Amino acid sequence: TKCESGCVCADGLYEDLDGACVPAEECPCEYGGLAYGRGEQIQTECEICTCTKGKWKCVQKTRCSSTCHLYGEGHITTFDGQRFVFDGNCEYILAMDGCSVNRPVSSFKIVTENVICGKSGVTCSRSISIYLGNLTIILRDETFSISGENPGVRYKVKKNALHLMFDIIIPGKYNMTLIWNKHMNFFIKISRETQETICGLCGNYNGNMKDDFETRSKYVASNELEFVNSWKENPLCGDVYFVVDPCSKNPYRKAWAEKTCSIINSHVFSACHNKVNRMPYYEACVRDSCGCDIGGDCQCMCDAVAVYAMACLEKGICIDWRTPEFCPVYCEYYN
């Protein structure tokens with residue numbers, strides 16, 4: 001309707017992320033903050049997506065599951081891929097079903113208890129409680145305990161040098177695999193047979209990461225702290241008002257943290273770099289390594305690197321990164 005000064009692309013051309021004008025066929029696609037060129041593919045646990053004319057074209061996999069990651073000092077990646085970090089000293093609901101207003105009956109609930117593990121106020125996931133009706137599984141102090149029973153639930157426990165794994169089947173509803181590294185890392189992998197609503201810190205598992213901050217009151221919070229506070233198991237706990245930056249509080253640890261975590265950026269993981277974006281994992285590693293200042297600092301660093309190694313493994317890239325000098329597992333290296 002009127003002239004406006006500035007630059008525009010000619011008819012039929014579109015501006016790409018670098019500011020160049022390209023035809024529609026060469027438009028890039030965006031996912032998780034990264035740009036992907038024409039024809040490039042990404043794989044999630046549910047879909048294989050190909051970049052076509054600036055949009056993702058996705059093909060559903062026959063068997064669909066999704067994983068929620070809780071690792072280090074309050075880092076969470078939801079079922080739909082949203083990332084955030086929080087420092088809360090309380091019990092929080094990670095995931096549960098029965099969230100809809102008209103069907104509030106829950107068949108499972110997974111709760112994490114966070115405790116402060118550094119002078120700066122950072123927290124670590126210390127214990128996990130899994131409630132399956134009258135059956136309760138508690139993970140704490142590198143071991144687990146089971147109480148009660150539920151004939152409607154089948155479960156199996158597996159152990160190795162690094163992990164405790166629980167395969168849980170709620171017939172007609174969910175197949176769950178829970179993996180705990182006996183320290184701060186916990187993974188919930190769910191394959192569901194119903195469209196039952198899921199809620200908690202792990203998000204609503206509806207395929208859309210933009211509405212993952214859905215509170216207990218069923219509205220989407222404006223920020224992660226409002227969202228986190230709504231999922232406290234005990235309403236008497238204090239709210240979280242800010243996220244600590246341990247490296248600014250412990251600047252003397254920053255150089256060590258950056259040096260040890262640099263293995264994620266090194267040639268050791270080079271085969272995985274173009275499959276899994278390493279920067280969020282590196283930044284989480286540095287943050288956790290700065291924060292663990294009351295002992296267990298190497299454990300915090302190793303746990304953070306292990307999460308990146310596991311993300312690589314999910315893409316089919318197996319990295320042999322542990323050595324007798326770096327994050328050793330007693331005896332396993334020589335077996």
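Predicted model only: the values in this text are computed from it and were never measured.

So, on to helix H3 (residues 251-261). Restricting attention to buried positions, one finds in H3 the residues Arg253, Ala257, Thr260 and Cys261. Angularly, the buried residues of H3 cover 85 degrees about the axis, an arc narrow enough to put them on a single face. Residues Pro251, Tyr252, Ala255 and Lys259 are exposed on H3 and point more than 90 degrees away from its buried face.

One open sheet accounts for 7 strands, arranged S10-S9-S8-S19-S18-S17-S16; its pairing is antiparallel. A single partner strand is all that each edge strand has here, and the edge strands are strand S10 (83-85) and strand S16 (154-159). On average, each strand axis in the sheet is tilted by 15 degrees relative to the strand beside it, whichever way the strands run. Summarising the sheet, strand S17 (residues 164-170) and strand S18 (residues 174-180) pair through 7 bridges and their orientation is antiparallel. Residue pairing in the sheet places Asp167 in a bridge with Thr177 of S18.

We now examine the state of the cysteines. Going through the model one piece at a time under the given rule, you end up with 10 disulfides. The thiol sulfur of Cys27 is not disulfide-bonded, and the nearest other cysteine sulfur, from Cys29, lies at 8.4 Å.

One open sheet accounts for 3 strands, arranged S5-S6-S7; its pairing is antiparallel. Two strands lie at the open edges of the sheet, namely strand S5 (41-43) and strand S7 (55-60), each paired on one side alone. For this sheet the average axis-to-axis angle between neighbouring strands, irrespective of direction, equals 25 degrees. In the sheet, S5 pairs with strand S6 (residues 47-52) via 3 bridges, with the strands oriented antiparallel. Along S6, the bridge assignment pairs Gln43 with Ile48.

On to the pairing of strand S14 (residues 135-140). In regular strands, side chains alternate between the two faces of the sheet. With respect to burial, S14 is a largely interior element, 5 of its 6 residues being buried. Sheet topology places S14 next to strand S15 (residues 143-147); 5 bridges connect them, and they run antiparallel. Each residue of the ladder has a partner; that of Arg140, found in S15, is Thr143. The hairpin turn running from S14 into S15, its antiparallel successor, is 2 residues long, and Asp141 in that turn takes a positive phi close to 55 degrees.

Rules and cut-offs
Residues numbered from 1 in each chain as written. Predicted model: local features only at pLDDT ≥ 70, side-chain atom pairs only at ≥ 80, totals over all residues. Heavy atoms only, no water. Buried < 20%, exposed > 50% of the residue type's maximum accessible area, 1.4 Å probe, protein only. Helix = DSSP H or I, 4+ residues; strand = E, 2+ residues; numbered from the N terminus. Arc of directions from axis to C-beta. Pairing = 2+ DSSP bridges. Axes fitted to C-alpha atoms, helices over the stretch in contact; angles between N-to-C directions. Disulfide = S-S within 2.5 Å.

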